[in-house]
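Topology and contacts: notes
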Amino acid sequence: MSPNRRNFIRTSLSSAALATVAACTGRPGNSEKSECCESGKSGKNSLPYNPNAKLNISFQEWTLEGESLGGKLDFMEKLGVNGLEVSGNGLSGRVNELKQALNGRDIKISAICAGFKGFMLSEEEPVRNECRDSMRDIITAAGALGSTGVIIVPAFNSQKPVKPHTQESRDFLCQWFDELGTFATENGTTVILEPLNRREAFYLRLVADAASICRDINNPGVTCLGDFWHMTWEETSDLGAFISGGKYIQHVHIASRKRRLMPGEDGDTDNYVDGFRGLKIIGFDKYISFECGSKADDRNAAAAAGVERIRKQWEEA
């Protein structure tokens, strides 16, 4: 076969593969259902749903009104919410409290939301060490609670001085996460990289970027998440973003798509069907967790309506 002929075939096959993915993608919030994304659909251009996909809904501890954790958990059980996301701040001192609160309930600890000190991309070694040591404490507690993982952001825009956005910084990040991921695995949990929108953290913005770091490290203790709020501003396709994350997606955050309120408080804009299709394709079975505020007079009623919306759109997907 001639070199030109070989290149032509390679290019044609690549174009066909891209066309298949493009046929199943769209803008965030797109509710149009592509034929190749129908549940159980198979064919030349199909991306079939993984039967292992399951909807598990989680609330962050501060999602609902009220001072009593027990009262919040009672309300969550009535809604069928089966995950609780808590802060990593002071978590080591709360392990027994949380175990007792969840004893006998159909609610598990989902992810741990940050709470670490310092930041890993600092130019200053003491700051990096503070981040490492505080993360290890949180990871130990997360493992004791059976958590799916501890969420971490490499650096927020406000944190200075920070390492430059270079290959050397990425290599450093991979080495740092590899060590932390091994420690997480030893404790029965994971580290979860969170991409944010550029207004909060420019370094890591796309789910594909986070997943590529996970792939390069190749450590089961290093995973990532997709956050619908941040994805609204950074991703061209919810479905494509989750497919790009694939097996590395360990957690999902959700909020309304304009004001970061309860799902549904921004009306029809709060459409997650496209992303749910992506999660069904990759067989996502972890937690979709509320990370949002509320402008509603009754915050708990807004949360209940948000749960109903998510369940309905998961079925529509």
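What follows deals with the overall build of the protein. When helices and strands are counted, the protein shows ten helices and eight strands. A buried classification covers 51% of the 317 residues belonging to the protein. When contacts within the protein are restricted to residue pairs at least 6 apart in sequence, those whose partners lie at least 24 apart make up 77%. Carbon and sulfur atoms provide 47% of the accessible area of the protein, an area that totals close to 14,600 Å².

Right, let's talk about empty space enclosed by the protein for a bit. According to the stated counting rule, one finds two cavities of 30 Å³ or more in the structure shown. The volume enclosed by the largest cavity comes to roughly 40 Å³. Around the largest cavity, the lining residues are Pro195, Arg205, Leu206, Val207, Asp227, His230, Met231, Glu234 and Glu235. The class makeup of the residues in the lining of the largest cavity is four nonpolar, one polar and four charged. Around the second largest cavity, the lining residues are Val153, Pro154, Ala155, Glu194, Leu196, Ala201, Tyr203 and Leu204. Residue classes in the lining of the second largest cavity are distributed as seven nonpolar, no polar and one charged.

In this structure, the largest pocket occupies an estimated 150 Å³ of space. Taken together, Leu121, Ala155, Phe156, Asn157, Gln159, Lys160, Val162, Lys163, His165, Phe202 and Tyr203 form the lining of the largest pocket. Grouping the constituent residues of the lining of the largest pocket by class yields six nonpolar, three polar and two charged.

Trans is the common state for peptide bonds, and a negative phi is the common state for residues other than glycine. For the peptide bond that leads from Lys160 to Pro161, omega is -10 degrees, which places it in the cis range. Of note in this structure, Ala114 is not a glycine but carries a positive phi near 50 degrees. As for its position among the elements, Ala114 is in the loop between β3 (108-113) and α4 (125-144). On the basis of relative accessibility, which here comes to 22%, the residue Ala114 falls in the partly exposed class.

Right, let's get into the sheet that holds strand β5 (residues 191-193). Read around the closed barrel, the eight strands follow the order β1-β2-β3-β4-β5-β6-β7-β8; overall the barrel is parallel. Direction aside, the axes of adjacent strands within the sheet are offset by 30 degrees on average. Sheet topology note: the strand β1 (residues 57-60)/strand β8 (residues 288-290) ladder contains three bridges and is parallel. Considered in β8, the bridge of Phe59 is made with Phe290. Across the sheet, helix α6 (residues 207-217) lies against β5, β6 (222-227) and β7 (249-254), angled at about 170 degrees from β6, the strand it touches most.

Summing up the model confidence of the protein, the mean pLDDT is 89 and the portion of residues at 70 or higher is 85%. Residue range residues 2-45 is modelled with pLDDT below 50. Its contacts to residues more than four positions away, or to other chains, number 52 contacts.

Throughout the structure, instances matching the rule amount to 15 salt bridges. In this structure, the salt-bridge partner of Arg170 is Asp216, at a minimum N-O distance of 3.0 Å. Note that Arg170 is positioned in helix α5 (residues 167-186) and Asp216 in helix α6, a separation of 46 residues in sequence. Its relative accessible area of 40% is what places Asp216 among the partly exposed residues. Arg257 serves as the salt-bridge partner of Asp238, at 2.7 Å between the closest nitrogen and oxygen. Of this pair, Asp238 sits in helix α8 (residues 238-245) while Arg257 sits in the loop between β7 and α9 (273-281), and the two are 19 residues apart along the sequence. Classification of Asp238 as buried rests on a relative accessible area of 0%. Sharing partners across several salt bridges, the network here consists of Glu61, Arg94 and Glu97.

Phe59, Leu84, Ile152, Phe177 and Phe276 are the most contacted members of the largest nonpolar core, which totals 76 residues. Once residues within four sequence positions are removed from consideration, Phe177 is found in contact with Met120, Ile152, Val191, Leu193, Ile217 and Val222.

Analysis parameters
- Residue numbers restart at each chain and count upward from 1, following the sequence in its written direction.
- Note on the predicted model: pLDDT of at least 70 is required for a residue's local features to be given, and 80 or more for side-chain atom pairs to be given and counted; whole-chain, interface and lining totals, by contrast, use all residues.
- In computing side-chain values, all of the structure's heavy atoms are included and hydrogens and water are not.
- Only DSSP runs of H or I with at least four residues qualify as helices, and only runs of E with at least two residues qualify as strands; both kinds are numbered from the N terminus onward.
- Only protein chains enter the accessibility calculation, which uses a 1.4 Å probe; a residue is then buried when its area is under 20% of its type maximum, exposed when over 50%, and partly exposed in between.
- Throughout, a residue-residue contact means that at least one pair of heavy atoms, one from each residue, lies within 4.5 Å.
- Where accessible areas are quoted, they stem from the Shrake-Rupley method and a 1.4 Å probe; at the residue level, only the protein chains shown are allowed to cover.
- The definitions used throughout rest on a 1 Å grid laid over the protein atoms alone, on which a cavity is an enclosed set of points accommodating a 1.4 Å probe that cannot get out and a pocket is an open set flanked by protein within 12 Å on both sides along at least five of seven lines; lining residues are those having an atom within 4 Å of a point.
- Grid points are joined across faces, edges and corners, and a volume is the space filled by probe spheres set on the points.
- Each residue is assigned to one of three groups, with Ala, Val, Leu, Ile, Met, Phe, Trp, Tyr, Cys and Pro labelled nonpolar, Asp, Glu, Lys and Arg labelled charged, and all others, Gly among them, labelled polar.
- A pair of strands counts as paired when DSSP detects no fewer than two bridges linking them.
- Lines fitted to the C-alpha atoms define the axes, with helices restricted to the stretch that makes contact. Angles between their N-to-C directions range from 0 to 180 degrees.
- pLDDT is a per-residue confidence score from the predictor, ranging from 0 to 100.
- Salt bridge, as used here: a side-chain nitrogen of Lys or Arg that lies within 4 Å of a carboxyl oxygen of Asp or Glu.
- Among buried residues, those of type Ala, Val, Leu, Ile, Met, Phe, Trp, Tyr and Cys that are joined through side-chain atoms within 4.5 Å constitute a nonpolar core.

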